[in-house]
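A closer look at the structure
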Amino acid sequence: MESKTVLFVVVVAIAVSNVVLAAPAPKVRHLSITVDNIMELFIDGTQIKNLTNYNNRYKADKVALSAGAKVIAVKGTDQGLVAGILGSTDDGYIRTDSSWKCTPRYHVGWQTVDFDDSAWPAAHKAGAHLEKPWTPVVGIRKDAFWIWTSRNRGGDLVVYCRKDLVPRVPATCPGRTLDITADSIMDLYIDGTRVPNLPNYYNWRLADSVCLASQPTIIAVRGIDQDRPGGILASSEDGFIQTNSTWKCTNKYVPGWETEAFDDYAWPAAHQVGLHQAYPRTFVSGIRTDAYWIWTSRTNGTDKVVYCRKLLVDPRESGVYGAEAAVNKLPVIRLLAVNARDVDNGVEDA
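A few points on the structure. (Residues numbered from 1 in each chain as written. Predicted model: local features only at pLDDT ≥ 70, side-chain atom pairs only at ≥ 80, totals over all residues. Heavy atoms only, no water.)

Tracing the sequence through the fold places Pro268 in the loop between strand 17 (248–250) and strand 18 (271–275). Placed 22 residues apart in sequence, Pro268 and Thr246 show a C-alpha to C-alpha distance of 9.8 Å. (Helix = DSSP H or I, 4+ residues; strand = E, 2+ residues; numbered from the N terminus.)

Under the definition given, this model contains two disulfides. Here Cys102 engages in a disulfide with Cys161; their sulfurs sit 2.1 Å apart. Sign of the S-S torsion, about 115° for the bond between Cys102 and Cys161, identifies this disulfide as right-handed. Of the two residues, Cys102 is situated in strand 7 (residues 101–103) and Cys161 in strand 10 (residues 158–164); the sequence distance between them amounts to 59 residues. Here Cys102 matches Cys161 in class, with each residue buried. A sulfur-sulfur distance of 2.1 Å marks the disulfide that ties Cys249 to Cys308. Judged by the torsion about the S-S bond (115°), the Cys249/Cys308 disulfide is right-handed. Pair noted here: Cys249 is in strand 17 and Cys308 is in strand 20 (residues 305–311), with a separation of 59 residues, a long-range link. Here Cys249 and Cys308 have matching classes, each one buried. (Disulfide = S-S within 2.5 Å. Buried < 20%, exposed > 50% of the residue type's maximum accessible area, 1.4 Å probe, protein only.)

Throughout the structure, instances matching the rule amount to eleven aromatic pairs. With 6.0 Å between their ring centres and 75° between their planes, Trp204 and Trp293 make a pair best called edge-to-face. Remark: Trp293 occurs in strand 19 (residues 292–295) and Trp204 occurs in the loop between strand 13 (193–194) and strand 14 (208–211); sequence separation between them is 89 residues. Per residue, the accessibility class of Trp204 equals that of Trp293, and both read buried. Through successive ring pairs, a cluster of aromatic residues spans Phe42, Tyr106, Trp110 and Tyr160. Taking NZ or CZ as reference, Lys125 lies 4.2 Å from the ring centre of Phe145, over its face. (Phe/Tyr/Trp six-rings, centres within 6.5 Å; stacked < 30°, edge-to-face > 60°. Lys NZ or Arg CZ within 6 Å of the ring centre and 35° of its normal.)

Taken in spatial order, the five strands of this open sheet run 3-2-5-10-7, and their pairing is antiparallel. Both edges of this open sheet fall to strand 3 (46–47) and strand 7, since each of them pairs with a single strand only. Here strand 2 (residues 38–43) runs beside strand 5 (residues 71–77); their pairing, made up of six bridges, is antiparallel. Residue pairing for strand 5: Met39 is matched across the bridge by Gly76. (Pairing = 2+ DSSP bridges.)

This next bit is on the sheet that holds strand 15 (residues 218–224). An order of 13-12-15-20-17 is seen for the five strands of this open sheet, with the pairing classed as antiparallel. Sheet topology places strand 13 and strand 17 at the edges, where each strand pairs with a single neighbour. As defined by bridge partners, strand 17 adjoins strand 20 across three bridges and the pair is classed as antiparallel. Of the residues in strand 20, the one forming a bridge with Cys249 is Cys308.

Here Lys132 and Pro133 are connected by a cis peptide whose omega angle stands at 15°. Residue Pro280 is bonded to the preceding Tyr279 through a cis peptide linkage, with omega at 15°. Along the chain, the position of Pro280 falls in the loop between strand 18 and strand 19. Here Asn50, not a glycine, exhibits a phi torsion of approximately 60°, which is positive. Looking at the secondary structure, you find Asn50 in the loop between strand 3 and strand 4 (61–65). Of note in this structure, Asp191 is not a glycine but carries a positive phi near 50°.

Moving on to the pattern of salt bridges. Oppositely charged side chains are able to pair whenever their charged atoms sit close together. Under the defined criterion, the tally for this structure stands at 17 salt bridges. A salt bridge links Glu40 to Lys75, with the nearest nitrogen and oxygen atoms 3.8 Å apart. A residue pair is termed long-range when its members are at least 10 positions apart, and Glu40 in strand 2 and Lys75 in strand 5 qualify at 35 residues. Here Lys75 falls in the partly exposed class, since its relative accessible area comes to 23%. (Salt bridge = Lys/Arg side-chain N within 4 Å of Asp/Glu carboxyl O.)

A regular strand places its side chains on the two faces of the sheet in alternate fashion. Burial of strand 16 (residues 231–236) is extensive: six of the six residues sit out of reach of the surface. Bridge count between strand 11 (residues 177–183) and strand 16: six bridges; the pairing is antiparallel. Counted as the bridge partner of Thr181 is Leu233 from strand 16.

It is worth stressing that arrangement in space is one thing and function is another; only the former is reported here.
Quick look at the structure:
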């Protein structure tokens, strides 16, 4: 009888351990949304019917979004002096702002997932949630904005607005696609060149999708922390690139830190702040769940600005070395060669 009891305890312990290690599933969010004056709402191309407040700007309709939702599309019709669309999820993952796109022109299929809105202009922020002439709408976050086209005062009476929830991958991308975000602000460099015009560089809840060249050498990120423990999160779809302790991070700026030739040999390994969906953060669409939020070890607000790097050597593109040598030895060999030519400019955290 005792042996059966012991066996039962061991089995339970294993089951509990497996539960702890499993990554949490993306949660279902609820979108609260309203329009001044009339709204037609589409999720992934399907119209949401029977909205009770579709023509009442003072009250929001609340709609469940599946974890895999890709596109929110809204047709807004203005009947008064000032027009606007206002919406958010409770956690702020989605909120109306200039990351949306709006146009006064109708296009066939504009509300569908596959529609290409790359030529559409960014939404115009007509005003903050609580800004006059509007009044607070219960259920919608205060940091959401009323959006429309720029002609929101009797100009464009009908507009079509969209928000892609999944980063779009260019059809002509010759290599991997990097999905990346930072809490709170990000500057991204690929092979020493800064990537401009990232729409979500300041919003950790949304990833930016960047097409990488066929053989990129270095990814470098400057992260700025504003209001919580800082973090950088990234991955490629195949997992060859993902943020973890193989990256290097420091809190000290050194000229040329973002370039391929820079020697980061003395930099400390990145500190793994937590797994992708670990509290207090939530799932970021487009990024693998086995990626880690990284920073320096001082994530308690001490290091407000950090510089992180990842040297890339693809074992599948190396015909000379095995996978382990390509990943682990080639970067060291290259860095030692730099040390032989130049003065050591390695930097360590203070």
